[in-house]
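Architecture at a glance
Each chain is listed here by its residues.
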Amino acid sequence: MTASNPNPFTAGLDLYRKSWEKTADALEKGADAPEQLERLADVDVGQTPSEVVYEENKLELLHYESQTEEQHDVPILIVYALINKPYILDLQPDRSVIRTLLENGFDVYMIDWNEPSAMDAGLTLEDYVQRYTDNCVDVVRERSGQDSINILGYCMGGTMSVMYAALHPEKVRNLGLMAAGLCFTGTGGVLEQWGDEEYYSPSTVTDTFGNVPADFLDIGFAIMDPVQNFVTKYVQLYDNIEDEEFVENFGRMEQWINDGIDVAGETYKQFLIDIYQNNKLAKNELYVGDEHVDLSNLEMPIVQIVGEYDHLIPPEASTPFNELAASEDTEVMEFPTGHIGLSVSSKSHAKLWPQVCEWYAERSGAEEPEAESIEKGEEPDAALAEDVEVDAADLEEEPEIKNEEDIDLEADELDDVETDADSDEDTNAGVDVDAPTENGTDGGVDVAAETDEDEAAPDIGAGDADAGLESEPDSEEGADLETEVAERADRDGDEEPVVESAARTDLRTIPGIGDSYAERLQEAGVSSAEELVNADAEELAEHIEVSTMQIETWAENARRDED
């Protein structure tokens, strides 16, 4: 008898056997649960040593301890988003963007905006860009003796980095933009649609709350993929409760996702209206205060680092910007992961970040200063006493990184646990808050956890909140924590996976299977409903990083369709 037509004489016995097996498994997991839940709550994040070298209002400028004897001449300043805490870039030692940069010889600084107070509700983009960011850049320039420095902006921080570079091009040597929302002409995904002025009024939110609450943003990112963020990621945790590494990764992502911060009300309103609703940055019509953010000033080298499966900031909302800037040295590094997977996916650190480090290294050598350096001892512009603070080309050798190709979650398989609230791509919902609501401001909360085929990681998806360990709720960014845990199957070697349209169409007719899952099943060798029904559910579930129950449900739906 075939799998679709079971032997009626053995079907009852098989069902009885499976029931006992599941009961035994549940009892075994239950015995391990208390110890593993304690492990879940007792995880460390942001372990790379650093010191605060500058403070203004609530802002802290962190300088990280060198990990090499020699360093590149030009330091890197990371400009993080205003949503969530920045330790998503230093989640754990083996998945830390900061540590990777340090190990490649860079002198690294990062802005931690911290939580704005009620008095900071009036902080504007001018405060964040022209005052806070500029003061931090001047501190780094003074400490390094460089007239211009490297900048790496993440999510909403990337958008603000573009503003800063256009306003102060003489201070920016090289500009890196990571999952940055820049172009919104109907290609910015769900967040752009939700933020449309026809349906959404940022002013109503700020008039009600003052600062935009982190919970408001996180929930928004989470409901971008409610099943993943409120059900699936916990099923995955249960399925992997005996796996200590998975549990620890899940715990880190959950900690980040739930560690959101409010966004200064006036800045939130400006960002949503000017960037998302009116697309003023891409149109070259944006003003910060009285200063025009003129894209013709962006003559420095620019690299965009984007996630193919980023549902908070889709590649289409980033990559076209390179054509708008004046620079003749632009590049796009697109990697198969989600919003948060870019930060926490083990595959990203193995294949993507070495390329990013090389790009910066080639452009960070000593050169004759073109502008007057800051004199030693000169203090950056002091913040006003009444600070209302805000805290708020192609890489052919790496086929995994596709230059300027549109390759969505939050899931690179957070293989590691990413939080990009990506859905189909991420198994562990994530929180990456980089969207207009990144928590509404950044463009999303990447809370999706990404999980590589070779590494199980929870996927956290919740509005920029990717869960699990990478799942895109990009809370930074809201919720892009993502831990995009189960984003996609690994793509190893030099071959690109081929997904035949006919096969995908066949799978997509099965209830519960969309584009992302169809492609992941295809990569696992399942290209039709018949092959899905006959597949070993447990083995297939492990391969594409979903629960066995999910595979069985799809198979049952496929059988019903056949009947």
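This one's a predicted model, so the numbers in the text were calculated from it and none came from an experiment.

**Some details on the pattern of salt bridges**
Counted by the stated rule, this structure contains 12 salt bridges. Its salt-bridge partner being Arg131, residue Glu56 comes within 3.5 Å of it at the nearest N-O pair. Taken as a pair, Glu56 in strand E1 (residues 50-56) and Arg131 in helix H3 (residues 125-144) lie far apart in primary sequence, 75 residues in all. The burial state of Glu56 is the same as that of Arg131; both residues are buried. Here Asp329 ties to Arg363 by a salt bridge, and the two come within 2.9 Å at their closest N and O atoms. A residue pair is termed long-range when its members are at least 10 positions apart, and Asp329 in the loop between strand E11 (302-307) and strand E12 (330-335) and Arg363 in the loop between helix H12 (346-362) and strand E13 (430-437) qualify at 34 residues. Note on Asp329: relative accessible area 28%, which makes it partly exposed.

**Structural notes on the pairing of strand E7 (residues 149-154)**
Judged by how many residues are buried, E7 sits mostly within the fold: 6 of 6 residues are covered. Neither face of E7 is left uncovered, since the one carrying Ile149, Ile151 and Gly153 and the one carrying Asn150, Leu152 and Tyr154 both have all their residues buried. Note: strand E3 (residues 76-79) against E7, 4 bridges, orientation parallel. By the bridge assignment for E7, Ile76 is matched with Asn150. One ladder, built from 6 bridges, connects E7 with strand E8 (residues 172-178); its direction is parallel. For Ile149, the partnering residue across the bridge sits in E8 and is Val172. Running through helix H4 (residues 156-167), the crossover from E7 to the neighbouring parallel element E8 is right-handed.

**Notes on the confidence of the model for the chain**
For the chain, the mean per-residue pLDDT works out to 73, and 61% of the residues sit at or above 70. Here residues 368-505 scores under 50 on pLDDT; set against residues more than four positions off or in separate chains, the count is 1189 contacts.

**Here we look at the pairing of E11**
With 6 of its 6 residues buried, E11 lies for the most part within the structure. Here E11 shows a buried face lined by Ile302, Gln304 and Val306 and a second buried face lined by Val303, Ile305 and Gly307. Pairing analysis gives 4 bridges linking E8 to E11, with the strands arranged parallel. Within E11, the residue paired with Leu177 across the bridge is Gln304. Of the strand pairs in this sheet, E11 and E12 are connected by 6 bridges, and their pairing is parallel. Paired with Ile302 across the bridge in E12 is Thr330.

**Brief notes about the sheet that holds strand E2 (residues 59-64)**
Read across the sheet, 8 strands follow the order E1-E2-E6-E3-E7-E8-E11-E12 without closing on themselves; strand pairing throughout is mixed. With one partner strand each, in any of the chains shown, E1 and E12 form the two edges of the open sheet. Taking the axes of each pair of neighbouring strands and ignoring which way they run, one obtains an average angle of 20° across the sheet. Strands E3, E7, E8, E11 and E12 of the sheet are contacted by H12, whose axis makes an angle of about 175° with E12.

**Considering helix H16 (residues 537-544)**
In an α-helix, one full turn covers 3.6 residues, which means residues spaced three or four apart are oriented alike. Those residues of H16 that fall on the buried side of the exposure criterion are Ala537, Leu540, Ala541 and Ile544. Axial view of H16: buried residues confined to an arc of 100°, hence all on one face. In H16, the exposed residues that point more than 90 degrees away from the buried face are Glu538, Glu539 and Glu542. Where H16 begins, the capping side chain belongs to Asp536, and its oxygen is found 3.1 Å from the backbone nitrogen of Glu538. Of the residues flanking the end of H16, it is Glu545, one or two places downstream, whose phi is positive at about 60°.

**What about the environment of Pro511?**
Within the secondary structure, Pro511 sits in the loop between helix H13 (501-508) and helix H14 (515-523). Sequence spacing of Pro511 and Trp554 is 43 residues, and the spatial spacing of their C-alpha atoms is 7.1 Å.

Each value, and the rule that gives it
Residues numbered from 1 in each chain as written. Predicted model: local features only at pLDDT ≥ 70, side-chain atom pairs only at ≥ 80, totals over all residues. Heavy atoms only, no water. Salt bridge = Lys/Arg side-chain N within 4 Å of Asp/Glu carboxyl O. Helix = DSSP H or I, 4+ residues; strand = E, 2+ residues; numbered from the N terminus. Buried < 20%, exposed > 50% of the residue type's maximum accessible area, 1.4 Å probe, protein only. Pairing = 2+ DSSP bridges. Right-handed = clockwise from strand over helix to strand, strands pointing away. pLDDT = per-residue confidence, 0-100. Contact = heavy atoms within 4.5 Å. Axes fitted to C-alpha atoms, helices over the stretch in contact; angles between N-to-C directions. Arc of directions from axis to C-beta. Polar contact = N/O pair within 3.5 Å; in protein donor to acceptor, adjacent residues only side chain to side chain.

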